[in-house]
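Next come the chains, spelled out residue by residue.
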Amino acid sequence: MRKLTGARWLIVTAALLAAWAWETAAQEKPAESAQGKPAENGQEGGPTRIGGWYLEGLVEAGVRFFAEDPRPNAKFEEYRDINEGLFLEGLRLRLHSPDEKYSVELRGRDWGLATQEYGIVGERLGLWQAGFEWDQMRHIYATNAQTFYTVFGDNVFILPNPRPPLSSWNGAPAWGHSEASRGTDQSGDGVIAQQWATARTFFKLSPTPNLDLSAEYTRIHKDGQRPFGMAFGSPGGIFVELVQPIDQTIHEFRLRGSYATDLWQLTWGYTASVFVNAFNWVRADNPCNPTPGAPCPGVGNTAQFGTTSLPPDNQAHTFNIGGGINLPYRTRVNGNFTYSLRLQNQDFQQQTYSNGLPGANVDLRLPEKSLHGVVHTFLGNIDVTSRPFQIPLTMFFKYRIYDLEDDSSTPTFQAFIINDQNTVLAAPRRAGDFDYTRQNADLGGRYQLNSFTAVTAGIGWEGWDRNDNWEVSHTDEVFAKAALDMTPAEWVLIRLTYQPSIRRGDGYTANASLMENFGAPGGFSGT
């Protein structure tokens, strides 16, 4: 990350000193001569000829400087990197064959900066296309952060002992860890920021006029920090503001396909998404333990340090299929169905690391090493539209179902430590799963009275089915709907709607989750 020094005024009084642009063709397709070939050099609007190929495009670059440098300023540079000297505003160069069947295009901007982009795409017109893209984005949260914390191993934050008085924290040194693993170099620049780098490569193939296939891989890497809060005990404890270390990678692989005819169309696909976090937890010393005195709470309410879990490694696999078909009587049926499998098996963190109770007390030991998380989701939609009569009447039917099934492990924790101290609460609690299914159906019609007025009428139903962790396991709602739409102008829609409904459930259990997972008897008040 480019180092930012001393804060200055947030005003740029001069920016662009010199700029030049070169554009050899304004059209996407080169001009043709009387012989049907692209125009040669010297002809207005023609591309540049290189051997048997033609080059066209645009390059915009320049030189800039600041009469008074506004950097560092978190808001001024929040999502951008502005340098002094040479810069590339934009580039697009396209090299193609005379008949334009084959072409290669190069694009880019901000080369050499933290927000640079570039890409290259090659294609055989109408048959295949392949490319690679690179895109960077930076987010600066602060340029004047202060703290007494020093860093060990990027995710452990250490305070001197004895702790600095709370009254001195406003005069703490500048935060000095805008780069990971600074080691013994504790010089501060006050910057809290993270950098994203996205790489994407793809290939598309159209072997026949009806069939399209594509494959795509995207990798997103995030590096840096973001503001992060940690609590030390509750109630009666304190909160501290520090940073969460960011070293995360997202891998996404996609396969897509489609086949289309005049009568019916079909699409299908598969997506694999994998999230990898280099940091599973973050640990920080407590500014009040050992206590520096008032106004800190008593040492008995907090631990000497705290540990917080960070987003776990996980992955998801999604399959989808959809299509549509034209039927007689001007009827169209569309449907799409998606199934997703979500997996997460990150190791659990101990209840506390600040004393030896988990080792001495069997009930405080983890019942399982990890969650063994497995969640299935299914989404289905069917949409039927018909205009069977020779009048301006459109009839429709819609059905939707969404189902979530949680097959993750449900371990039972026998006891809990209060505020990282020696108090143990022996109250077994089981991790709950919250399965449910939601269904919707609508049936109705829309009649066009005239060019700007239409009426809609219909009925509908929504049903929920939930497992015993929910307060209500089943509900049904039915409704009727009437609407009047008026569009006196293209930019105006006036709608009058009336929708009465009735909802019924099978009873309400106020403490369903407590009764299901905490072993509480019926009627337990939860207090």
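Each remark here, short or long, concerns the structure printed above.
Residues numbered from 1 in each chain as written. Predicted model: local features only at pLDDT ≥ 70, side-chain atom pairs only at ≥ 80, totals over all residues. Heavy atoms only, no water.

**Q** Outline the pairing of strand S17 (residues 331–344), supporting the account with residue identities and numerical values.
**A** As paired strands, strand S16 (residues 314–327) and S17 are joined by 13 bridges and run antiparallel to one another. Bridge pairing in S17 links Leu327 to Thr331. A loop of three residues connects S16 with S17, the two strands running antiparallel in sequence, and Tyr329 in this loop sits at a positive phi of about 60 degrees. Examined bridge by bridge, S17 and strand S18 (residues 373–386) share 14 bridges and lie antiparallel to one another. Note that in S18 the partner of Phe337 across the bridge is Gly380. (Pairing = 2+ DSSP bridges. Helix = DSSP H or I, 4+ residues; strand = E, 2+ residues; numbered from the N terminus.)

**Q** Describe the nonpolar core, with residues and values.
**A** Ranked by internal contacts, the top residues of the largest apolar core, which has 22 residues, are Tyr149, Phe157, Trp175, Met230 and Leu242. Mapped by element, the contributors of at least two residues to this core are strand S11 (211–232), strand S12 (238–260) and strand S14 (281–285). (Core = buried A, V, L, I, M, F, W, Y, C linked by side-chain atoms within 4.5 Å. Buried < 20%, exposed > 50% of the residue type's maximum accessible area, 1.4 Å probe, protein only.)

**Q** Residue-level account of the packing of aromatic side chains, with values.
**A** For the structure on display, the rule yields 15 aromatic pairs. In textbook terms, an aromatic cluster arises when at least three aromatic residues are bridged by ring pairs, as seen for Phe148, Tyr149, Phe157, Trp169 and Trp175. If you follow Lys398 out to its NZ or CZ, it ends over the ring of Phe396, 5.9 Å from the centre. Directly above the aromatic system of Phe416 lies the positively charged group of Arg429, at a separation of 5.4 Å from the ring centroid. (Phe/Tyr/Trp six-rings, centres within 6.5 Å; stacked < 30°, edge-to-face > 60°. Lys NZ or Arg CZ within 6 Å of the ring centre and 35° of its normal.)

**Q** Could you give an account of the side chain of Gln244, naming the residues involved and the relevant values?
**A** Mapped onto the elements, Gln244 comes out in strand S12. We classify Gln244 as buried; its relative accessible area is 2%. What Gln244 contacts, discounting residues up to four positions off in sequence, is Gly224, Gln225, Arg226, Phe228, Leu310 and Pro311. (Contact = heavy atoms within 4.5 Å.)

**Q** Describe the environment of Gln499, and please don't skip the residues or the numbers.
**A** Tracing the backbone through its elements, the reader meets Gln499 in the loop between strand S27 (492–498) and strand S28 (501–505). For Gln499, a relative accessible area of 43% translates into the label partly exposed. As a C-alpha pair, Gln499 and Gly458 span 41 residues in sequence and 9.6 Å in three-dimensional space. Contact partners of Gln499, with chain neighbours within four places excluded, come to Phe479, Ala480 and Lys481.

**Q** Can you explain the side chain of Glu477? Please cite residues and give values.
**A** Residue position: Glu477 is located in strand S26 (residues 474–489). Engagement of the side chain of Glu477 in a polar contact is seen with the side chain of Ser501, the distance being 3.3 Å. At a separation of 3.0 Å, a polar atom in the side chain of Glu477 contacts the side chain of Arg503. (Polar contact = N/O pair within 3.5 Å; in protein donor to acceptor, adjacent residues only side chain to side chain.)

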